[in-house]
Number of protein chains: 2
Amino acid sequence: MYVILVYDVSVERIDKVRQYLKQYLNWVQNSVFEGEMRRGEIEKIKIGLSKIIKDDEDSIILYTTHNRKWITRKIIGVEKSEIATII
Amino acid sequence: MYVILVYDVSVERIDKVRQYLKQYLNWVQNSVFEGEMRRGEIEKIKIGLSKIIKDDEDSIILYTTHNRKWITRKIIGVEKSEIATII
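Residues numbered from 1 in each chain as written. Chains lettered and ligands numbered in written order. Predicted model: local features only at pLDDT ≥ 70, side-chain atom pairs only at ≥ 80, totals over all residues.

Caption draft 1: Looking closely at the sheet that holds strand β4 (residues 59-65) of chain B. Judged by pairing direction, the sheet is antiparallel, and its five strands sit side by side in the order β5(A)-β4(B)-β1(B)-β3(B)-β2(B) without closing on themselves. On the outer flanks of this sheet lie β5 (72-77) of chain A together with β2 (26-29) of chain B, each paired with one strand and no other. Strand-to-strand twist in this sheet, taken as the mean axis angle between neighbours without regard to direction, amounts to 25°. (Pairing = 2+ DSSP bridges. Helix = DSSP H or I, 4+ residues; strand = E, 2+ residues; numbered from the N terminus. Axes fitted to C-alpha atoms, helices over the stretch in contact; angles between N-to-C directions.)

Structure (structure tokens):
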């Protein structure tokens, strides 16, 4: 599965969320990660993240698709990640 | 086309970018918009945004798919947008 993950998390938990996500996904932009994950890993990070965030304050959205070719990616401005050709 | 747009823009241009995007897409989270757009509209906002942002500092990523059913959307924590069932 290809995952695009965006987060809107209170500043005191951002570092912890980022450190956690870096183990599984590639950082692409402030508050955005992307990457290929198996379904089981996705379930695992859902649980992991729900332990880090405050679920009445923070918000994380996971967009998933079976095939990364179904999503086109276009950048306006600078490419902030080091992985320029991930899709 | 279904669009997920994420931005990482310097603070002095954020309001302008948000106001511009609100005309075309639904705000879903801090620095994330979503919505259905025609291809011509997508080309139009690419031009519009490139006039607002500094292209050597700011970054906007547009993810597009032909069919929104190809993307699954899962939230951890709170739903920040008013449009809870957009995908």
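There's plenty left to go through after this.
Caption draft 2: Structural view of the relation of the copies chain B and chain A. With an RMSD of 0.0 Å, the fit of chain B onto chain A corresponds to turning through 180° and sliding 0.0 Å along the axis. What the rotation and shift describe, once combined, is the action of a two-fold rotation axis. Among all C-alpha atoms of chain B, that of B:W70 lies closest to the rotation axis, at 3.5 Å. When the interface residues of chain B are mapped onto chain A, 100% of them are again interface residues, pointing to one common binding face. (Least-squares fit on C-alpha atoms with pLDDT ≥ 70 in both. Contact = placed C-beta atoms within 7 Å.)

Caption draft 3: Examining the interface of chain B and chain A more closely. Counting residues at the interface gives 34 residues for chain B, matched by 34 residues for chain A. Elements represented by at least two residues in the side of chain B that touches chain A include exactly β1 (2-8), β2, α2 (39-52), β4 and β5 (72-77) of chain B. Here the side of chain B that touches chain A gets seven residues from one element, more than from any other, and that element is β4(B). Across six bridges, the pairing between β5(A) and β4(B) is antiparallel. Its bridge partner being in β4(B), A:T72 is matched across the sheet by B:T64.

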